[in-house]
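Single-letter residue listing:
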Amino acid sequence: MRTIIPFGPQHPVLPEPIHLDLVVEDETVVDVIPSIGFIHRGLEKLVEKKDFQEFVYVAERICGICSFIHGMTYCHGVEQLMKIEVPPRAHYLRTVWSELSRIHSHLLWLGLIADAFGFESLFMHSWRLREKVLDIIEATTGGRVIFGSCKIGGVRRDIENGTLREIAAKLRDYAVEYKDLGNVFLNDLTVKRRLCGVGVLSGPDALGLGSVGPMLRASGVAQDMRLLKYAAYGGIDFAPVTAEEGDSYARCAVRIGEIFQSVEIIRQCSEKIPGGAIEIKVTGLPEGEFYARTEQPRGEVIYYIKANGTKNLERLRVRTPTFANIPPMLKIMTGCQLADVPVLVLTIDPCISCTER
Amino acid sequence: MIESQDFRETTPERLIGEVQGMRDAGYRLVQIGATRTEGFEINYSFDRNLEFVNFKIRLADNTEAIPSISGVYWSAFLYENELHDLFGLNIKNIHIDYQGHFYRVARPAAFAEKPPPPKIKRAVKPTAGTEVKET
Amino acid sequence: MQKSPWIIHYDGSSCNGCDIEVLAALTPMYDVERFGVINTGNPKHADIFLITGSVNEQNKAVIKNIYDQMPNPKVVMAVGICACTGGIFRECYNVLGGPDKVIPVDLYVPGCAARPESIIDGVVKALELWEGKRRKRTGRESIQT
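Residues numbered from 1 in each chain as written. Chains lettered and ligands numbered in written order. Predicted model: local features only at pLDDT ≥ 70, side-chain atom pairs only at ≥ 80, totals over all residues. Heavy atoms only, no water.

Colleague: Help me understand the overall build of chain B in this model?
Modeller: Within chain B, the regular secondary structure consists of two helices and six strands. The linear arrangement of helices and strands in chain B, starting from the amino end, is β-α-β-β-β-β-α-β. Counting across all 135 residues of chain B, residues that qualify as buried make up 46%. Surface summary for chain B: the accessible area is close to 7200 Å², and the carbon and sulfur share equals 53%. (Helix = DSSP H or I, 4+ residues; strand = E, 2+ residues; numbered from the N terminus. Buried < 20%, exposed > 50% of the residue type's maximum accessible area, 1.4 Å probe, protein only. Areas by Shrake-Rupley, 256 points an atom, 1.4 Å probe, with all protein chains shown as cover.)

Shown next as structure tokens:
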């Protein structure tokens, strides 16, 4: 017998509203129909009202989790259009803040997934560790979730070299705790029972359905937009973290691997950062069209910027990683057990306010 | 490093063929997005190992029929429903067609409205010696 | 405090910033659960309705619905500048403004994003308001009968 079960928009595992119609046969989900639009604000249209320098603030508020990378991608796009050479020190600082965002976002996700499979103390532990990263962010930018430190032509605040080295040292200490936390996720029997073999996505499927970020890398495809060498990534030595199995466990393992990778990238930045200015004066107006692509914690984000030489951009289009990850989510949910739905929704690391803009 | 921006022009008639070519060559569908200009522009973006390719269609208005590429890339239905709801574009044969109920918004097809004309950059300030009239 | 307030949280159209700060207030660093504050998913269990983000056409009915289901006395808290006035998004075509366009709001916690400390402060103030409302309804001084 077929039944349709509505899931959301207000649901205990969902911090954000999304609505899914789950078509179930007994306990098995046979079809999923998503509908969105609860958080649609239409902020892409705000470019018509706010000038292009002011819009950085709006871009940062597309999402409160990957906020810094949103702002940076927007700045990167406009800078490329206007042919602005950002000082190298600003590039390194942007890299440091991006990686701090990635660590806090992945720890946040680990907490949420733990909550989704019913391990509440693990949720609390992950978020306790996340607070320490937020302290570093607050000390360097003044904000906890919205940094406001990126601007067109550079960054607003500097971090002294000594402080940077301190941050790297602190993170090295925290990495020991991350290791313990990661051990629970990767080796605990009950956790493995909930994650191993659940929601398997093969490599060709992942590519064909257009998935991005950890979702794609957990299926064995080594794609990472940081390899495009925006910001300071050209001078950093790193390789994408991948896994082969494509199940929920693999996605969890990839994200845990990326936390350590980010710690390592920040260490390299603290050693390689050059001196000099952190911003340059911006003159002129943008003209032309450009696709800026960067890697967020959730995957590849795209900013399409089209400008016509006035203060207001003609069009800004943002394609966020969660939007691209919805089709693979539908794919892995068909055929799953109803009880696994919360875990599967969370393995794509959904960020609905990004998706609907 | 500046990423190369490869823009190629195409037409609604040639679209399916071009997209099938990209699929066969192993490209990933990155996004579909539209822009309101004098008419409409639709961009289809693809990626293969960081090699980024764009196809652009230009339309005079949003009543012109465009074939859906959801038969080639299944995941395209999300983008195409979005284009229909936000821009009012007429996309034919989407395999999951929400009939305008994907984004339920206050104003349908708000993005199809023309952007206001660019603002005048500087307000005219009264120069010295100008008489300011009381109103 | 005489009573442990239970909270229901609904995300209007916030950017997530305030939502994760609300969640952060529950976790060990801030730990509002030590005051007996519980984040519940069921409107009929809740005393305080905490809304983040602004209201749009789509979620107007959802917010009204949750509010109507909550038992009296109840307190509504708008957290974050978007929930107070619409914030940076007030000019967006799909944003109506704060939740006070739909239901009566008792308490505003500004900030972008609102910090966990101010959210906790807001909850404590909400409790006082709740207590006032209870006295007005029952005419009794204490919660015990």
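Colleague: Would you mind showing me how to read the sheet that holds strand β7 (residues 299–308) of chain A here?
Modeller: Adjacent strands of a sheet form backbone hydrogen bonds with each other and so pair up, either parallel or antiparallel. All names here are of chain A. Strands sit in the order β6-β7-β8 across an open sheet of three strands; the sheet is antiparallel. Among the strands making up the open sheet, the edge pair consists of β6 (287–296) and β8 (315–319). Within this sheet the neighbouring strands show an average axis-to-axis angle of 10°, counted without direction. Pairing of β6 with β7, which is carried by ten bridges, proceeds in the antiparallel orientation. (Pairing = 2+ DSSP bridges. Axes fitted to C-alpha atoms, helices over the stretch in contact; angles between N-to-C directions.)

Colleague: I keep staring at the interface of chain A and chain B and nothing clicks. Help me out?
Modeller: How big an interface is tends to be stated in terms of accessible area lost as the parts join. Counting from both sides, the interface comprises 49 residues of chain A and, opposite them, 47 residues of chain B. Summed over both sides, the interface between chain A and chain B buries roughly 4100 Å², with carbon and sulfur atoms accounting for 57% of that surface. For the pair chain A and chain B, the number of links is five salt bridges. Between the two partners, chain A and chain B, sit 15 residue pairs in polar contact (both at pLDDT 80 or more). Among the secondary structure elements, those contributing two or more residues to the side of chain A that touches chain B are β3 (28–35), α7 (203–208), β6, β7, β8, α10 (321–333) and α12 (352–356) of chain A. Top element by residues in the side of chain A that touches chain B is α10(A). It accounts for five residues. Of the residues assigned to the side of chain A that touches chain B, the class counts are 21 nonpolar, twelve polar and 16 charged. (Contact = heavy atoms within 4.5 Å. Buried area = accessible area lost by both parts, 1.4 Å probe. Salt bridge = Lys/Arg side-chain N within 4 Å of Asp/Glu carboxyl O. Polar contact = N/O pair within 3.5 Å; in protein donor to acceptor, adjacent residues only side chain to side chain. Nonpolar A, V, L, I, M, F, W, Y, C, P; charged D, E, K, R; others polar.)

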